[in-house]
Amino acid sequence: MVLLAVCSAVLWGGGNFLMGVAARGSGPRPTVFVGFTVGTAGAAAFFLIQQPPLTVSSLLYGAGAGVAQGLGWIAFARALTDSSMTLAAPIAATATVLALFFGALLQGTSLGPAQLLGAVVAMGAIALLSTGSGTSVRRATKETRGTGALEAVLAGLLFAGPTGRNPWAISM
């Protein structure tokens, strides 16, 4: 189980790193297009093997999820070009969790003090990351860092939006 977790972390982090390098070289849209092409091939293989039931609502939900994910990845690639990965990746991940957290609250899920404290700490972390003055491989100005942070938050919100109970809403 630990080996699987380590492999997942290495692949996820490596993917973010390579996406940042590619986005700086060729721009966010071509980078996301190539990623989605590869992801779509993987999703097609999954659905050919699993053969989940097809309904109009599942197809519409999947299409909406794909659009939201595509826009999220474009925002994330822009965040990687406008700032460093050390800023964009944690903010996007935290924004995703916070969006799901607030979605649970809106659906009437009761949360305990630990979850509420965690949300406050996460929001504080986003604020500190987006305004901090740390150094990075690419020294971003305060204005660029703010733009990258906003794009990372937008990416996180778009990543969280299409998740749900439908098997067609897979993240690429």
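Along each chain, residue indices are assigned from 1 in the same order as the chain's sequence is written. Restriction of local features to residues with pLDDT of at least 70 applies here, the model being predicted, together with a cutoff of 80 or more for giving and counting side-chain atom pairs; totals for whole chains, interfaces and linings are based on all residues. The side-chain figures draw on all heavy atoms in the structure; neither hydrogens nor water molecules are used.

Undergrad: Help me understand the overall build of the protein chain in this model?
TA: The secondary structure listing takes helices from DSSP runs of H or I that are at least 4 residues long and strands from runs of E that are at least 2 residues long, numbered from the N terminus. Scanning the protein chain from terminus to terminus reveals 6 helices and 0 strands. The order of α-helices and β-strands along the protein chain, N terminus first, is α-α-α-α-α-α. Any pair of residues with heavy atoms lying within 4.5 Å of one another is described as a contacting pair. The contacts in the protein chain between residues at least 6 apart in sequence include a share of 83% that link residues at least 24 apart. In these tables, accessible area is a Shrake-Rupley quantity obtained with a 1.4 Å probe, and a residue counts as shielded only by the protein chains included in the view. Accessible surface, the protein chain as shown: approximately 10600 Å² in total, 73% of it carbon and sulfur.

Undergrad: Before we go on, may I ask you to explain the pattern of salt bridges in this structure?
TA: Oppositely charged side chains can form a pair if their charged atoms are brought close together. Salt bridge criterion: a side-chain nitrogen from Lys or Arg within 4 Å of a carboxyl oxygen from Asp or Glu. Taken as a whole and assessed by the stated rule, the structure comprises 2 salt bridges. The closest approach of N and O atoms between Arg 78 and Asp 82, which form a salt bridge, is 3.9 Å. Of this pair, Arg 78 and Asp 82 both sit in helix α3 (residues 56-82), 4 residues apart, which is roughly one turn of that helix. Buried, partly exposed and exposed residues are distinguished by accessible area as a fraction of the type maximum, computed with a 1.4 Å probe on protein chains only: under 20%, between the cut-offs, and over 50%, respectively. Taking relative accessible area as the criterion, Arg 78 reaches 40% and is therefore assigned partly exposed. The structure contains a network of salt bridges with shared partners spanning Arg 78, Asp 82 and Glu 151.

Undergrad: Which parts of the structure should I look at to understand helix α1 (residues 2-26)?
TA: Owing to its 3.6 residues per turn, the α-helix brings residues three or four apart onto one side. Helices are assigned an expected span. That span is 1.5 Å times one less than the residue count. Given a rise of 1.5 Å per residue, 25 residues ought to cover 36 Å, and the 36 Å separating the end C-alpha atoms of α1 matches this to within 8%. The secondary structure elements touched by the buried residues of α1 are α2 (28-50), α3 and α4 (85-106). Of the residues flanking the end of α1, it is Gly 27, one or two places downstream, whose phi is positive at about 100°.

Undergrad: Whenever I open this one, the packing of aromatic side chains confuses me. Can you help?
TA: The description of two aromatic rings rests on the distance between their centres and on the angle between their planes. Any two rings among Phe, Tyr and Trp, with Trp reduced to its six-membered ring, count as a pair given centres within 6.5 Å; such a pair is stacked if its planes are under 30 degrees apart, edge-to-face if over 60, and tilted if neither. Applying the stated criterion across every chain yields a total of 2 aromatic pairs. Ring geometry for Phe 46 versus Phe 47: centroids 4.9 Å apart, planes at 75°, classification edge-to-face. Classification of Phe 47 by relative accessible area gives buried; the value is 12%. For the ring pair Trp 73 and Phe 76, a centre distance of 5.7 Å and an interplane angle of 80° mean the geometry is edge-to-face. Here Trp 73 pairs with Phe 76, and both are found in helix α3, just 3 residues apart, close to one helical turn. Its relative accessible area of 11% is what places Trp 73 among the buried residues.

Undergrad: Can you help me understand the side chain of Thr 81 in this one?
TA: When you line up the elements, Thr 81 lands in helix α3. Two N or O atoms count as a polar contact when they lie within 3.5 Å, although within protein this holds only if one can serve as hydrogen donor and the other as acceptor, and sequence-adjacent residues are included solely when both atoms are side-chain atoms. A polar side-chain atom of Thr 81 sits 3.0 Å from the main-chain carbonyl oxygen of Ala 77.

Undergrad: Can you walk me through the nonpolar core in this structure?
TA: Counting 24 residues, the largest nonpolar core has Met 19, Val 32, Trp 73, Phe 76, Ala 88, Ile 91 and Ala 152 as the members making the most contacts within it. Broken down by secondary-structure element, the contributors of at least two residues to this core are α1, α2, α3, α4, α5 (113-131) and α6 (142-160). A per-element tally of this core places α4 first, with 7 residues. Apart from residues no more than four positions distant in its own chain, Ala 88 is found in contact with Phe 76, Ala 79, Leu 80, Ser 83 and Ala 152. Definition of nonpolar core: a set of buried residues of the types Ala, Val, Leu, Ile, Met, Phe, Trp, Tyr and Cys, connected through side-chain atoms within 4.5 Å.

Undergrad: Sorry if this is basic, but what is going on with the confidence of the model for the protein chain here?
TA: Low pLDDT marks stretches whose predicted atomic positions should not be read closely. pLDDT is defined as a per-residue confidence score from the predictor, taking values between 0 and 100. In this model, the protein chain carries a mean pLDDT of 75, and residues with pLDDT of at least 70 account for 83%. Element-level pLDDT for the protein chain is lowest in α6, with a mean of 75, against a maximum mean of 84 in α3. Every residue in residues 135-143 is under pLDDT 50, and counting partners more than four places away or in other chains gives 6 contacts. Contacts of residues 164-172 to residues separated by more than four positions or lying in other chains number 24 contacts, the stretch itself having pLDDT below 50.

Undergrad: What should I look at first to understand the side chain of Ser 83 in this one?
TA: Of note, Ser 83 is situated in the loop between α3 and α4. Using a relative accessible area of 1% as the deciding quantity, one classes Ser 83 as buried. At 2.7 Å, the side chain of Ser 83 and the backbone oxygen of Ala 79 are in polar contact.

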